[in-house]
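Observations on the three-dimensional arrangement
Residue-level listing of the chains:
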Amino acid sequence: IQPMRYDVQEARALSNEQIDAHEQALHAWTACYELDPTDPAMINYKIAFNLSKLGRLDEARARVLMALEETPRFLDALRLLKEIRNKQSEQANLK
């Protein structure tokens, strides 16, 4: 196995997402991003998704905004941004 190949890291990320291993998926998607992806918006979305699942909402929001800078009409990213904002609002209301 060649760990620095994009397709290897992508497969690792997808398989970890399927078993809700979000920390491992995050590491794999980050590696994909560092390997100069052809679709940086999708990778930033995937990083944001996993950060959100880990409760790291500020980081997730920053990454999903990066995805939307690349592709402003990225519907899944827009939905994730809304979800993150709702979670942040809920947390603020609990304080």
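Definitions and limits used
- Residues numbered from 1 in each chain as written.
- Predicted model: local features only at pLDDT ≥ 70, side-chain atom pairs only at ≥ 80, totals over all residues.
- Heavy atoms only, no water.
- Salt bridge = Lys/Arg side-chain N within 4 Å of Asp/Glu carboxyl O.
- Helix = DSSP H or I, 4+ residues; strand = E, 2+ residues; numbered from the N terminus.
- Polar contact = N/O pair within 3.5 Å; in protein donor to acceptor, adjacent residues only side chain to side chain.
- Expected span 1.5 Å × (residues − 1).
- Buried < 20%, exposed > 50% of the residue type's maximum accessible area, 1.4 Å probe, protein only.
- Axes fitted to C-alpha atoms, helices over the stretch in contact; angles between N-to-C directions.
- Parallel < 35°, antiparallel > 145°, perpendicular 65-115°, else oblique.
- Left-handed = near helix turned anticlockwise from the far one by under 90°.
- Contact = heavy atoms within 4.5 Å.
- Nonpolar A, V, L, I, M, F, W, Y, C, P; charged D, E, K, R; others polar.
- Arc of directions from axis to C-beta.

1. Here's the deal with the pattern of salt bridges
As enumerated under the stated definition, the model contains 6 salt bridges in all. Residues Glu59 and Arg56 are paired through a salt bridge, measuring 2.9 Å at the closest nitrogen-oxygen approach.

2. Some remarks on the side chain of Glu17
Here Glu17 is to be found in helix 1 (residues 6-18). A distance of 3.3 Å separates polar atoms of two side chains, one belonging to Glu17 and the other to Lys46.

3. Quick notes on helix 2 (residues 22-34)
Between the first and last C-alpha of helix 2 there are 18 Å, a value that for 13 residues agrees with the 18 Å anticipated at 1.5 Å per step. All of the buried residues along helix 2 are His22, Ala25, Leu26, Ala28, Trp29, Ala31 and Cys32. Directly after helix 2, the chain includes Asp36, whose backbone phi takes a positive value near 65 degrees.

4. A closer look at the packing of helix 4 (residues 57-70) against helix 5 (residues 75-94)
Relative to each other, helix 4 and helix 5 sit at 155 degrees, their axes nearing to 10 Å. One element, helix 4, and the other, helix 5, form an angle in the roughly antiparallel class. For the crossing formed where helix 4 meets helix 5, the hand is left-handed. From helix 4, Leu57, Asp58, Ala60, Arg61, Val64, Leu65, Ala67 and Leu68 reach across to helix 5, where they touch Ala77, Leu78, Leu80, Leu81, Ile84, Arg85, Lys87, Gln88 and Gln91. Of the residues belonging to the contact of helix 4 with helix 5, the class tally is 11 nonpolar, 2 polar and 4 charged.

5. Quick word on helix 1
Between its terminal C-alpha atoms helix 1 stretches 18 Å, which fits the 18 Å expected from 13 residues at 1.5 Å a residue. Considered for burial, the residues of helix 1 that qualify are Gln9, Ala13, Asn16 and Glu17. Taken around the axis of helix 1, the buried residues stretch over an arc of 100 degrees, which confines them to a single face. On its buried face, helix 1 sits against helix 2 and helix 3 (40-53). Positive phi shows up at Asp20, right after helix 1, with a value of about 60 degrees.

6. Digging into the environment of Leu26
For Leu26, the position within the fold is in helix 2. Between the C-alpha atom of Leu26 and that of Ala13, which follows or precedes it by 13 residues, the distance is 7.1 Å. With residues near it in sequence (within four places) discarded, Leu26 still touches Ile47, Asn50, Leu51, Leu54 and Arg56.

7. Description of the environment of Ser52
Along the chain, the position of Ser52 falls in helix 3. For Ser52, the contacting residues outside a window of four places in its chain are Leu57, Ala60, Leu80, Glu83, Ile84 and Lys87. Side-chain polar atoms of Ser52 contact the side chain of Lys87, separated by 3.4 Å.

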